Amino acid sequence: MAQEARAAVLHVGLGVLERVGCVIHDSFVLFSDTGTLVVRYRLIDPGWHGTNAGPAVYREGTEIAAYDHPQLGRVPALLCGDRFDDDLVRKVRDDHVDLLFLPFGRASGDGSVCQERWEQEEHPYYADQIRKAEALTLMVNYIGTPGLGDSGFGGAWVVGMDGSVRASVALGREGLLVCDLSG
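Note that the structure is a prediction, hence the values are computed from the model and not measured.

> How should I be thinking about the packing of helix α2 (residues 86-94) against helix α3 (residues 115-133) in this particular structure?
Pairs of packed helices are described in terms of their axes, by the angle between the two and the distance that separates them. Remark: α2 packs on α3, axes separated minimally by 7 Å, with the N-to-C direction vectors making an angle of 45°. With respect to α3, the axis of α2 lies oblique. Of the residues in α3, those touching α2 at D86, V89, V92 and R93 are Q129, K132 and A133. Among the residues making up the contact of α2 with α3, the classes are represented as three nonpolar, one polar and three charged.

> How should the pattern of salt bridges be read in this particular structure?
Charged atoms that come close allow side chains of opposite charge to pair. Taken as a whole, this structure holds ten salt bridges when the rule is applied. Across the salt bridge formed by R40 and E18, the nearest N and O atoms sit 3.2 Å from each other. In this pair, R40 sits in strand β3 (residues 37-42) while E18 sits in strand β1 (residues 12-20), placing the two residues 22 residues apart along the sequence.

> Just checking my understanding: could you explain the sheet that holds β1 for this structure?
One key point about sheets: their strands pair by backbone hydrogen bonds, in either a parallel or an antiparallel sense. Spatial strand order, β1-β2-β3: three strands in an open sheet with antiparallel pairing. In the strand order of this sheet, the two ends are held by β1 and β3, each with one partner. Neighbouring strand axes in the sheet, compared pairwise and without regard to direction, differ in orientation by 30° on average.

> What is the right way to look at α3 in this model?
Residues that lie three or four places apart on an α-helix share one face, since the helix turns once every 3.6 residues. Its axis deflected by about 50° at H123, α3 carries its strongest bend there, up to four residues before the proline P124. Among the residues of α3, W118, E122, H123, Y126, A127, Q129, I130 and A133 are the ones counted as buried. On its buried face, α3 is in contact with α2, β6 (99-104), β7 (136-141), β8 (156-159) and β9 (165-169). Positioned one or two residues after α3, E134 has a phi angle of 55°, which is positive.

> I tried to follow the sheet that holds β7 on my own but got confused; where do I start?
Strand order in the open sheet formed by four strands is β6-β7-β8-β9, with mixed pairing between adjacent strands. Only two strands of the sheet have a single partner each, and these edge strands are β6 and β9. Put simply, the sheet's adjacent strands are angled 10° from each other on average, direction ignored. Relative to β8, β7 runs antiparallel, the two sharing four bridges. For T137, the partnering residue across the bridge sits in β8 and is V159. α3 contacts β6, β7, β8 and β9 of the sheet and is inclined by roughly 135° relative to β7.

Parameters and conventions
- Residues numbered from 1 in each chain as written.
- Predicted model: local features only at pLDDT ≥ 70, side-chain atom pairs only at ≥ 80, totals over all residues.
- Heavy atoms only, no water.
- Axes fitted to C-alpha atoms, helices over the stretch in contact; angles between N-to-C directions.
- Helix = DSSP H or I, 4+ residues; strand = E, 2+ residues; numbered from the N terminus.
- Parallel < 35°, antiparallel > 145°, perpendicular 65-115°, else oblique.
- Contact = heavy atoms within 4.5 Å.
- Nonpolar A, V, L, I, M, F, W, Y, C, P; charged D, E, K, R; others polar.
- Salt bridge = Lys/Arg side-chain N within 4 Å of Asp/Glu carboxyl O.
- Pairing = 2+ DSSP bridges.
- Bend = angle between axes of the 7 residues up to and from the residue.
- Buried < 20%, exposed > 50% of the residue type's maximum accessible area, 1.4 Å probe, protein only.

Spelled out as structure tokens, the structure:
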């Protein structure tokens, strides 16, 4: 990914299962346009691996990692359940973050993809946490593979500090979200 970021002259961020020796973390990494790893964030919320997972193998991170982008300012990430931890959200706000990455894995229990339910019932919770963080936020949810029993319903959003959606890709659709972040 570092080579791809450098070749395309783009910042590239992605979620990964990170193995460090015998330990596994649910992580987000961000490579700069020069291919340099500038953020490695390890999910802090223990809910990602379930209660029966061995603590010697499945681990959580302990701190928020941020990158000072020359044009966009202070850029950290929160992953999945960490977005609802008010202490972490407060740390983001107190760090005067300019842009927040928020990748997550959300699926419906019944495998359905319902844009209306997302907008009316679920997005308001995300928007409330974004308002608390006081940061322009880039959110993305993975799209699952229904044939494999994976019901991640996708979606991508640029959400303003006030919680309003500035741009989005609808649920259930693959796509590229392009948005001018300067406005």
